[in-house]
Amino acid sequence: MRLDGALFAAAQAGNPAALERMLRELQPDIRRYARRQCHRTSSVEDVVQEALIVLYRRVGTVRDPLALAGWVLRVVTRLCMLPVLGLMRGAESLSHRDEAAHFAAMPADELRHDLVGALESLPEPYREIVLLRDMEQLTIGEAAERLGITREATKSRLHRARALLREYLQVDGAKEPKR
């Protein structure tokens with residue numbers, strides 16, 4: 001991934017034309033990373049778009065253009081593993097070692113399928129808050145503003161959504177997750 005230092009500096013300074021050009025130039029590299037990291041080819045374009053959004057929002061946090069490639073790769077990897085990260089980031093830890101061992105031993109594609117099923121099982125308001133917080137990585141305040149509800153209601157809805165996800169994925173000993 002090559003990027004002109006002057007273009008990077010201008011994009012970080014908030015120059016809209018430089019930022020647009022930088023995103024356009026990085027898109028093929030991001031797509032290549034996504035093809036390597038994502039196991040489902042159907043999610044590659046979504047990951048590319050989400051990675052571009054994250055880069056757009058957070059370009060100011062990258063200090064060195066040479067570190068950009070590694071940072072973008074980590075973003076793409078996280079987005080490809082979104083279902084796992086989205087459920088675990090900020091959620092309570094698994095309550096039993098058996099659950100942790102079960103999910104660690106589960107094939108990644110099977111786990112992704114279960115997590116997608118869990119997300120699809122949520123009522124729309126709960127699915128929306130999980131996607132805003134864990135996929136778009138909005139803060140509680142940003143999510144509350146987007147949803148038009150209070151911060152407290154946002155926290156409560158997120159807590160309930162994660163509880164429903166955990167319930168959907170609940171494991172009884174070494175049995176399969178409940179459906």
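Just above sits the structure.
As the structure is a computational prediction, the values presented were derived from the model and not from experiment.

A. Spotlight on helix α4 (residues 68-80). Here α4 is 13 residues long and its end C-alpha atoms lie 18 Å apart, about the 18 Å a rise of 1.5 Å per residue gives. Residues L68, A69, W71, V72, V75, V76, L79 and C80 constitute the buried set of α4.

B. Quick look at the pattern of salt bridges. Under the criterion given, the structure shown has 6 salt bridges. A salt bridge links D134 to R162, with the nearest nitrogen and oxygen atoms 2.7 Å apart. Here R162 lies in helix α10 (residues 151-169) and D134 lies in helix α8 (residues 124-135), a separation of 28 residues in the sequence. The same class applies to D134 and to R162, which are both buried.

C. Structural context of helix α3 (residues 44-58). The terminal C-alpha atoms of α3 lie 21 Å apart, and with 15 residues this matches the ideal 21 Å at 1.5 Å per residue to within 8%. Along α3, the residues that are buried comprise V44, V47, V48, E50, A51, L52, V54 and L55.

D. A look at the packing of α3 against α4. Taken N-terminus to C-terminus, the directions of α3 and α4 make an angle of 130°; their axes are 10 Å apart at the nearest point. When the axis of α3 is compared with that of α4, the two are oblique. α4 is crossed by α3, and the crossing has right-handed handedness. For the pair formed by α3 and α4, the contact residues are V47, E50, A51, V54, L55 and R58 on the first element and L68, W71, V72, V75, V76, L79 and C80 on the second. The class makeup of the residues in the contact of α3 with α4 is 11 nonpolar, no polar and 2 charged.

E. Representation of the side chain of E50 in the model. Checked against the element boundaries, E50 lands in helix α3. The side chain of E50 is buried and forms no salt bridge, while R57, the nearest opposite charge, is found at 6.6 Å. Here E50 is in contact with L79, M135 and E136, once residues within four sequence places are set aside.

F. Spotlight on the environment of M81. Residue position: M81 is located in the loop between α4 and α5 (82-88). Linking M81 and Q37, residues 44 residues apart in sequence, is a C-alpha distance of 8.7 Å.

G. Broad picture of the packing of α8 against helix α9 (residues 140-147). One can describe the packing of α8 onto α9 by two numbers: an axis separation of 9 Å at closest approach and a directional angle of 140°. One finds that α8 runs oblique with respect to α9. Handedness of the crossing formed by α8 with α9: right-handed. Along the contact surface, α8 presents E128, I129, L132 and R133, while α9 presents I140, A143, R146 and L147. Residues of the contact of α8 with α9, tallied by class, amount to 5 nonpolar, no polar and 3 charged.

What counts and how
- Residues numbered from 1 in each chain as written.
- Predicted model: local features only at pLDDT ≥ 70, side-chain atom pairs only at ≥ 80, totals over all residues.
- Heavy atoms only, no water.
- Helix = DSSP H or I, 4+ residues; strand = E, 2+ residues; numbered from the N terminus.
- Expected span 1.5 Å × (residues − 1).
- Buried < 20%, exposed > 50% of the residue type's maximum accessible area, 1.4 Å probe, protein only.
- Salt bridge = Lys/Arg side-chain N within 4 Å of Asp/Glu carboxyl O.
- Axes fitted to C-alpha atoms, helices over the stretch in contact; angles between N-to-C directions.
- Parallel < 35°, antiparallel > 145°, perpendicular 65-115°, else oblique.
- Left-handed = near helix turned anticlockwise from the far one by under 90°.
- Contact = heavy atoms within 4.5 Å.
- Nonpolar A, V, L, I, M, F, W, Y, C, P; charged D, E, K, R; others polar.
- Lys, Arg positive; Asp, Glu negative; His and termini not counted.

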